[in-house]
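As a plain string of letters, each chain reads:
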Amino acid sequence: MPLVTSTEMFQKAYAGGYAIGAFNVNNMEIIQGITEAAAEVRAPLILQVSAGARKYAKHVYLMKLIEAAEADTGLPICVHLDHGADFEVCKSCIDGGFTSVMIDGSSLPFEENIRVTKQVVDYAHDHGVVVEGELGRLAGVEDEVKVNAADSSYTDPGQVEEFVGATGVDSLAIAIGTSHGAYKFKPGTKPQLRFDILEEVSRRLPGFPIVLHGASSVIPEYVETINANGGHMPDAIGVPEDMLRKAASMAVCKINIDSDLRLAMTAGVRDYLYHNPADFDPRAYLKPGRANIKALVKHKLISVLGCDGKA
Ligand code: G3H
Ligand code: 13P
Ligand code: ZN
């Protein structure tokens, strides 16, 4: 099966009350860990690439690795640009074979967000590519940009119909209290998401796929392994998985996960090197990192997203 857009995945996910996992990829081991897990449970996949990933690995290497994963597994895979900052980076990814792009105009004034998003949609749709837009701002770190909690803002449901109507986007990322990175909630406080905003958005956009960014759960087991093997990540807290399951049963069709992959990989590598200090073969220490990613993704696909068996 060639690389696909997310259109059919989202239609089925919306109707079936589950979500598609959108996993960030940066190298071969991450791609293999994710796709081996998805192949075993027959789950459709979105592999997403940030500007930072393109800078680190180069567009062509990631594209060829994803094509190799598709050839190896036969899975329906959508290749998506994560947090496209402007028209040029979206165009470059569309021209370079991606099947989906995100234009992130969430930090712009509303009218300006509409203008640049529509510009990307027009170009993308002419090339058979789908577009994710964003309204509302998440706190946390993306590339080198750090958004303080004070500068973040929930999505205003009153703006969503005009935004989707004026731009023609295929899916919409909204801010309901998640954030990027491994430190999402204050220690000692109860994590809370604004499901009332999600409900109101989906009431105003019936059948329309919603995207949840910043959805890592920061699984304690990996943080503990990192801290037990020379790492220092006190107070890392993520989104409880039962909240993600609830979002997936509602209008959320795409759930973005990156930090959990980073933690799984780092836990595997740290644990190996700590216990094998004389080993310097990258295959030896990357292998447990890749195995951790595979186990993590399998768990997410089956127990959190509910998209196993849907490929
Ligand atoms: O939303 C951000 C993703 O976790 C990507 O992170 O920009 O450091 O690759 P990155
Ligand atoms: P996490 O940092 O919670 O994994 O979020 C990733 C993300 O939203 C990528 O766009
Ligand atoms: Zn994001």
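Bear in mind that the values here come from a model prediction, so they are computed numbers and not experimental data. (Residues numbered from 1 in each chain as written. Chains lettered and ligands numbered in written order. Predicted model: local features only at pLDDT ≥ 70, side-chain atom pairs only at ≥ 80, totals over all residues. Heavy atoms only, no water.)

Caption draft 1: Inspection of the nonpolar core at higher detail. Counting residues in each nonpolar core, the largest one holds 99 residues, and the members touching the most others are Phe23, Ile34, Leu172, Leu198, Ile210, Ile255 and Leu301. No other element matches helix α6 (residues 110-126), which puts seven residues into this core. Sequence-distant contacts of Leu301, that is, excluding residues within four places in its chain, are made with Phe23, Ala37, Ala38, Val41, Ala43, Gly306, Cys307 and Asp308. (Core = buried A, V, L, I, M, F, W, Y, C linked by side-chain atoms within 4.5 Å. Buried < 20%, exposed > 50% of the residue type's maximum accessible area, 1.4 Å probe, protein only. Helix = DSSP H or I, 4+ residues; strand = E, 2+ residues; numbered from the N terminus. Contact = heavy atoms within 4.5 Å.)

Caption draft 2: Inspection of the sheet that holds strand β3 (residues 77-84) at higher detail. If you walk around this closed barrel you meet the eight strands as β1-β2-β3-β4-β5-β8-β9-β10, and the pairing is parallel. Neighbouring strand axes in the sheet, compared pairwise and without regard to direction, differ in orientation by 25 degrees on average. Of the strand pairs in this sheet, strand β4 (residues 100-103) and strand β5 (residues 130-135) are connected by three bridges, and their pairing is parallel. Within β5, the position partnered with Val101 by the bridge is Val131. (Pairing = 2+ DSSP bridges. Axes fitted to C-alpha atoms, helices over the stretch in contact; angles between N-to-C directions.)

Caption draft 3: Representation of the coordination of the zinc ion (ligand 3) within the structure. Distances from the zinc ion (ligand 3) to its protein donors, namely His83 (NE2), His180 (NE2) and His213 (ND1), fall within the range 2.1 Å. Mapped onto the polypeptide sequence, the residues donating to the zinc ion (ligand 3) form the spacing pattern H-x96-H-x32-H. Placement of the pair is His83 in strand β3 and His180 in the loop between β8 (171-174) and α8 (195-204), with a sequence separation of 97 residues. Judged by relative accessible area, His180 falls into the buried class, the value being 14%. (Donors = N, O, S within 2.8 Å, 3.2 Å for Na, K, Ca; no water.)

Caption draft 4: Seen up close, the site of ligand 2. The local shell around ligand 2 holds 16 residues, among which Asp82, Lys184, Ser216, Asp258 and Ser259 are the closest. Take Lys184: an N or O atom from its side chain is 2.6 Å from an oxygen atom of ligand 2. Here an oxygen atom of ligand 2 sits 3.1 Å away from a polar atom, N or O, in the side chain of Asn256. Burial of ligand 2 by the protein amounts to 97% of the accessible area it has alone, namely 310 Å². Mapped onto the shell around ligand 2, the elements with two or more residues apiece are β3 and β10 (252-257). Its residues assigned to classes, the shell around ligand 2 comprises two nonpolar, 11 polar and three charged. (Near = heavy atom within 4 Å. Polar contact = N/O pair within 3.5 Å; in protein donor to acceptor, adjacent residues only side chain to side chain. Areas by Shrake-Rupley, 256 points an atom, 1.4 Å probe, with all protein chains shown as cover. Nonpolar A, V, L, I, M, F, W, Y, C, P; charged D, E, K, R; others polar.)

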